[in-house]
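Structural features, examined
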Amino acid sequence: MKPEATHQTECTSLPILSSQNQGWENILVEQFQHPAGEGEYHYIDEHTISLSLAPRPVRLLQIQGGKTYGGLYGKGDLCITPAKLPFFARWDRDDHYLQIRITSSFIQTVARETIDTNPDQLELLPEFRTRDPHIESIGMMLLAELKQENFGGRLYIESLANVLAVHLLRQYAATKPRLAIYEGGLPERQLIQVLEYINENLHQDIKLADLAALLDMSQFHFSRMFKQAMRTAPYQYLLQQRIEKAKQLLKQTERSIIEIAFLCGFNSHSHLSKQFRQLTGMTPTSYREN
């Protein structure tokens, strides 16, 4: 169900890029480039992060939560607007930024699974012009994924969304929560269970929630413990296994490359070829012929 939101703005520019139709859950990422203008925004069920991508600083007037800020925003500066808080902005020249909207229900779910605070009493604090290298890094990874139109990267997006949610809870909640951290990787029995599930479902759209649910664990803690055990993130391991299966099918069968792509969980010939080349340094056709 699409989150309820109102969005009135005098600026009619549509996003340059949007994850709206890419199947990403709980998070919407859009890249905007506007001429000078102003806009009023009000998202009921989503927290909003705006990350400046402007090559030259842009002077902004911003009003949110009854507070006003005026100043220059340069590349890497960001502001955070909690859900339900009206936000007005006016900018004096071409503006270029990345907007990340993350649902408040998702933040509450992550809080319920990872911290000892009542998630219903959670309150994120607004931020005007701040720097946060962690959020900037996540934003640039989301933007890179958006540019690639990688429809097969859902596990990766879910991992980034979880890390972002936990970071927001740690750094921008009104009351600093205590995050429960489990040390050590997954026990061998649980690890084998997850690896077998991945191997048997390479052709499916495997979600982080599916893997975490196998062990009745939060997505954040699962990702952390899996990486400690395997020395690689779940999405990286999944990609490696899909490429390994593609290698086997290329060498041991006469199946077409498009058929192999679907059997290994890729959505197209070009998607397989791109990932295959990144991991092996050659195309599937070249690998088959060698």
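The text that follows walks through the structure, step by step, so that each part is easy to find. (Residues numbered from 1 in each chain as written. Predicted model: local features only at pLDDT ≥ 70, side-chain atom pairs only at ≥ 80, totals over all residues. Heavy atoms only, no water.)

1. Describing unusual backbone geometry
Let me state the cut-off plainly: What counts as a helix is a DSSP run of H or I of at least four residues, what counts as a strand is a run of E of at least two, and both are numbered from the N terminus. Buried, partly exposed and exposed residues are distinguished by accessible area as a fraction of the type maximum, computed with a 1.4 Å probe on protein chains only: under 20%, between the cut-offs, and over 50%, respectively.
With a phi close to 50°, Asp216 is a non-glycine residue in the positive phi region. Here Asp216 lies in the loop between helix H5 (208-214) and helix H6 (219-230). When its relative accessible area of 75% is taken as the criterion, Asp216 is described as exposed. Residue Arg231 is not a glycine yet carries a positive backbone phi of 60°. Looking at the element boundaries, Arg231 is found in the loop between H6 and helix H7 (234-252).

2. Some points on the layout of surface pockets
Basically, it comes down to this: With a 1 Å grid laid over protein atoms only, a set of points is called a cavity when a 1.4 Å probe fits there but cannot get out and a pocket when it is open yet has protein on both sides within 12 Å along at least five of seven lines; lining residues have an atom within 4 Å of a point. Grid points are joined across faces, edges and corners, and a volume is the space filled by probe spheres set on the points. Three residue categories are used. Nonpolar comprises Ala, Val, Leu, Ile, Met, Phe, Trp, Tyr, Cys and Pro, charged comprises Asp, Glu, Lys and Arg, and polar comprises the others, including Gly.
By volume, the largest pocket amounts to about 460 Å³. Lining the largest pocket are 17 residues; nearest its centre among them are Ser159, Val163, Phe220, Ser223 and Lys227. Mapped by element, the contributors of at least two residues to the lining of the largest pocket are helix H2 (133-148), helix H3 (154-172), H6 and H7. When residues in the lining of the largest pocket are grouped by element, the largest group, six residues, is from H3. Considered class by class, the residues forming the lining of the largest pocket number nine nonpolar, five polar and three charged.

3. Examining the pairing of strand E10 (residues 95-103)
Put simply, the rule is: For two strands to pair, DSSP has to find at least two bridges joining them.
In terms of burial, E10 is a largely internal element, nine of the nine residues being buried. Here strand E3 (residues 27-34) runs beside E10; their pairing, made up of eight bridges, is antiparallel. Counted as the bridge partner of Glu30 is Gln99 from E10. Pairing between strand E5 (residues 46-52) and E10: seven bridges, direction antiparallel. Bridge assignment links Ser50 to a residue of E10, and that residue is Gln99.

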